[in-house]
Amino acid sequence: MKAMLKSLCATMIVAATLTTAHAAETLDIATDATFPPFEYIDSEGKLVGYDIELMQAVCEAAQLDCNIFNAAWDGMIPGLIDGKYDALISQLTVTEKRRQVIAFSDIYDRPIFRFVARKGAALDITPEGLAGKTIAVQTGTPMDAYVTSHYPTATITRYDTGSAPYLELTAGRADLHISYQAQVIHGFLNSDAGKDFELVGPQLTGADAKEFGEGVAIAINKKNEALVESINKGLATIRENGKLDAINAKYFGQ
């Protein structure tokens, strides 16, 4: 009887230890949920979107316990550096400047960037043509860096969230906005608010301007090399098993 009790106690201690260890290994993953269809809060208050499903699939494939939550954009990278977050997923483009302070997973997308403006505006999308025009962007993004560098005589207005520039555009306080083409189409032009607007100017990628970076990836604290490896394994798995293609098809029909 004593032996059975000892065995039972040992089992309970091991189980408690494993539960504690599991809880300690939960990863805090931040996203800026103001950027539909990539990440946003739905009508039921639930965090949803392309990046959310992708991160959930990666975590499942890599057997990681992940807690994905909404956070303020301007505090995300500082929070990752300081150890407040374990990873970030929010359509983060990989740039040399960012590589100096944070690590990245393998790239999972290479986006196209476009300007959007009111239909019939007949804008000349050149530095000279946009002189004096107001361009609304989300602060601290590749789009912000691009227009700051290439349109020095334009008026650039910066906002903390990904949705605010569209409010400025529809209210007539901005002439243009620039963002990911897929985000402009699926998050704005396909909505009632965007019916009077259209894409303008050329398609732009990292090949056209260094500010647009190498592609999009999951950001990870530089000190956590093991997590970089685990997330990359998860990404490789969902590429191989077709899950990534299925998520792309669900959101973008591709």
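Residues numbered from 1 in each chain as written. Predicted model: local features only at pLDDT ≥ 70, side-chain atom pairs only at ≥ 80, totals over all residues. Heavy atoms only, no water.

## Let's talk about the side chain of T95
Along the chain, T95 falls in the loop between β6 (87–93) and α4 (96–99). Ignoring anything within four residues of it in the chain, the contact list for T95 reads E211 and G213. (Helix = DSSP H or I, 4+ residues; strand = E, 2+ residues; numbered from the N terminus. Contact = heavy atoms within 4.5 Å.)

## A closer look at helix α3 (residues 73–81)
By the burial criterion, the buried members of α3 are W73, M76, I77, G79 and L80. One side of α3 holds all its buried residues, which, seen down the axis, span an arc of 160 degrees. In this structure, the buried residues of α3 make contact with β1 (27–31), β6, α4, β9 (134–138) and β13 (216–220). Just downstream of α3 lies G83, where phi reads positive at about 90 degrees. (Buried < 20%, exposed > 50% of the residue type's maximum accessible area, 1.4 Å probe, protein only. Arc of directions from axis to C-beta.)

## A look at the sheet that holds β13
With mixed pairing, five strands are arranged side by side in an open sheet as β5-β1-β6-β13-β7. Looking along the sheet, the strands with just one partner apiece sit at the ends: β5 (66–70) and β7 (103–104). For β1 and β6, the ladder comprises two bridges, and the chain directions are parallel. Looking at β6, one finds that A30 is bridged to L88. (Pairing = 2+ DSSP bridges.)

## Thoughts on the pairing of β6
Across the seven residues that make up β6, a large majority, seven, are buried. Of the pairings in the sheet, the one linking β6 to β13 comprises four bridges and is antiparallel in character. By the bridge assignment for β13, L92 is matched with A217.

## Re the packing of helix α2 (residues 50–61) against helix α8 (residues 225–240)
The N-to-C vectors of α2 and α8 enclose an angle of 105 degrees; their axes lie 8 Å apart at closest approach. Between α2 and α8, the angle is such that the two are roughly perpendicular. Only I231, G234, L235, T237 and I238 of α8 make contact with α2, whose side of the interface consists of L54, M55, A57, V58 and A61. Within the contact of α2 with α8, the residues separate by chemical class into eight nonpolar, two polar and no charged. (Axes fitted to C-alpha atoms, helices over the stretch in contact; angles between N-to-C directions. Parallel < 35°, antiparallel > 145°, perpendicular 65-115°, else oblique. Nonpolar A, V, L, I, M, F, W, Y, C, P; charged D, E, K, R; others polar.)

## Quick word on the sheet that holds strand β11 (residues 176–180)
Sheet architecture is open: five strands sit in the order β10-β9-β11-β8-β12, paired in mixed fashion. The open sheet terminates on both sides in strands that have one partner only, identified here as β10 (155–159) and β12 (197–204). The mean angle between the axes of side-by-side strands here comes to 30 degrees, regardless of whether they run parallel or antiparallel. Each of β8 (113–118), β11 and β12 touches helix α7 (residues 181–189); the most contacted strand, β12, lies at about 170 degrees to it.

All quantities given are derived from atomic positions and should not be read as evidence of function.
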